[in-house]
Amino acid sequence: MKAPVRVAVTGAAGQIGYSLLFRIASGEMLGKDQPVILQLLEVPVEKAQQALKGVMMELEDCAFPLLAGMVGTDDPNVAFKDADVALLVGARPRGPGMERKDLLQENAKIFTVQGKALNDVASRDVKVLVVGNPANTNAYIAMKSAPDLPAKNFTAMLRLDHNRALSQLAAKSGKAVAEIENMVVWGNHSPTMYADYRFATVGGESLKTLINDEEWNRTNFLPTVGKRGAAIIEARGLSSAASAANAAIDHIRDWVLGTNGKWVTMGIPSDGSYGIPEGVIYGVPVTCENGEYKRVEGLEIDEFSRDRMNHTLAELEEERAGVAHLLG
Ligand code: NAX
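All values derive from a computational prediction rather than experimental measurement.

(A) The overall build of the chain, seen in detail. The secondary structure content of the chain amounts to 11 helices and 14 strands. Taking 20 Å as the expected radius of gyration for a compact globule of 328 residues, we find that the chain reaches 19 Å, a close match to that expectation. Each of the three principal axes of the chain carries a C-alpha extent, and together these read 55 × 45 × 40 Å. Classification of the 328 residues of the chain by burial places 54% in the buried group.

(B) Region of the structure containing the site of the ligand. Around the ligand, 23 residues are found, and the nearest of them are Q15, I16, E42, V131 and N133. Between the ligand and E42, the relevant distance is 2.6 Å, taken from an oxygen atom to a side-chain nitrogen or oxygen of the residue. Protein chains bury 80% of the 870 Å² of accessible surface belonging to the ligand in isolation. For the shell around the ligand, the secondary-structure elements that each account for two or more residues are α1 (15-25) and α4 (100-121). Grouping the constituent residues of the shell around the ligand by class yields 12 nonpolar, 10 polar and 1 charged.

(C) Region of the structure containing the packing of helix α6 (residues 159-173) against helix α10 (residues 242-257). At a minimum axis separation of 8 Å, α6 and α10 run at an interaxial angle of 105 degrees. As summarised for this structure, α6 and α10 are arranged roughly perpendicular, according to the angle between their axes. Seen from α6, the contacting residues are R159, L160 and N163; seen from α10, they are S243, A244, N246, A247, D250, H251, R253 and D254. Residues belonging to the contact of α6 with α10 are distributed by class as follows: 3 nonpolar, 4 polar and 4 charged.

Basis of the calculations
- All residue numbers refer to positions counted from 1 along the written sequence of the respective chain.
- Local features in this predicted model are restricted to residues whose pLDDT is 70 or higher, and side-chain atom pairs enter the listing and the counts only when it is 80 or higher, whereas totals over whole chains, interfaces and linings include all residues.
- For side-chain calculations, the full set of non-hydrogen atoms in the structure is used, while hydrogens and water are omitted.
- A run of DSSP states H or I qualifies as a helix once it reaches four residues; a run of E qualifies as a strand once it reaches two. Both are numbered from the N-terminal end.
- The quantity called the radius of gyration is restricted to C-alpha atoms. Its globule counterpart is 2.2 Å times the number of residues to the power 0.38.
- Throughout, exposure labels follow a simple rule: accessible area from a 1.4 Å probe, protein chains only, divided by the maximum for the residue type, with under 20% read as buried, over 50% as exposed, and the rest as partly exposed.
- Note on terminology: near, applied to a residue and a molecule or strand, indicates that one of the residue's heavy atoms is within 4 Å of it.
- Nitrogen and oxygen atoms within 3.5 Å of one another constitute a polar contact, given that in protein one can donate a hydrogen and the other can accept it, and given that sequence-neighbouring residues count only through two side-chain atoms.
- Only the protein chains shown count as cover for residues, and the accessible areas themselves come from Shrake-Rupley with a 1.4 Å probe.
- Polar here means any residue outside two lists: the nonpolar Ala, Val, Leu, Ile, Met, Phe, Trp, Tyr, Cys and Pro, and the charged Asp, Glu, Lys and Arg; Gly therefore counts as polar.
- Throughout, an axis means a line fitted to C-alpha atoms (over the contacting stretch in the case of helices), and angles, computed between N-to-C directions, take values from 0 to 180 degrees.
- Each angle gets one of four labels, with under 35 degrees taken as roughly parallel, over 145 as roughly antiparallel, 65 to 115 as roughly perpendicular, and the rest as oblique.
- Throughout, a contact is declared for two residues whenever any of their heavy atoms are within 4.5 Å.

Below, the structure written as structure tokens:
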């Protein structure tokens, strides 16, 4: 039996948490031979802690063979202690009348504290995925608050956008999702992200050529993927949860277990390539191998793409400027 991996999850009593934890404990994220210890963080509010207890009771009641232990806490230093994987799902939602900039500030506080705690107590190799919105900027704040950890350990979730784009492309082209390779989503996890299928292939053939409908790309595909979160809220009365949890599992599984050369999208700190300033957490195509992600380099950026990539970058830069004073 392998040694257990410690997986910290914040916002564990929330709706994404409820779709996520059972799948992690059943081995869908790290493998069917990999025991896990779940370290669950919730806010120090009676109701949230009670709800967390309930979720932990249900996890117990599944008698998952791979669940080697569980901790529920309101203390980030306990939740992140020796964590190998940290899924930062909990965040402050936008309340009535709350401005975007207030939301940024509230979340900046949370992710400063959690970044510091990761810095102090997590494994030096901890793989951090930020799901809580604004995900890219929250990941940036956590990364900046954890100077003793490698910056590359901090990532943001663009995988839901990636998966949404894949399904739209499959539907349009009449091909199976599994046949589509080399899809990219650039930038911020927000409606400004740029889903780019210029390099996508199906059985080695260009998907762009197969679809051959630039009008559809601009007036249907991009807005549909960009506004999918809002469409789910309108239809379901609640924000995406199961699909978000699924994307988080895809992201970590691929990072840890590899992609066999397949491109996936991750929000990672920029190294300056593609004209994205260093340090900005930006969605790019990567492949993963031996527990490391590697940016796909050297893709040609045409004028339309450059425009879209700059647009989503401008939003990220604005968010970054909005929290700069908190990061010293
Ligand atoms: P819920 O409101 O159902 O759950 C969030 C939970 O986090 C709550 O139980 C809350 O008590 C807890 N929490 C808040 N602050 C915390 C803190 N400082 N430490 C620990 N726990 C804390 O939201 P849910 O639907 O689960 O969504 C969670 C986050 O994911 C939201 O920020 C949401 O916007 C974001 N999303 C991100 C997506 C992405 O692709 N990156 C897609 C789905 C989702 O919208």
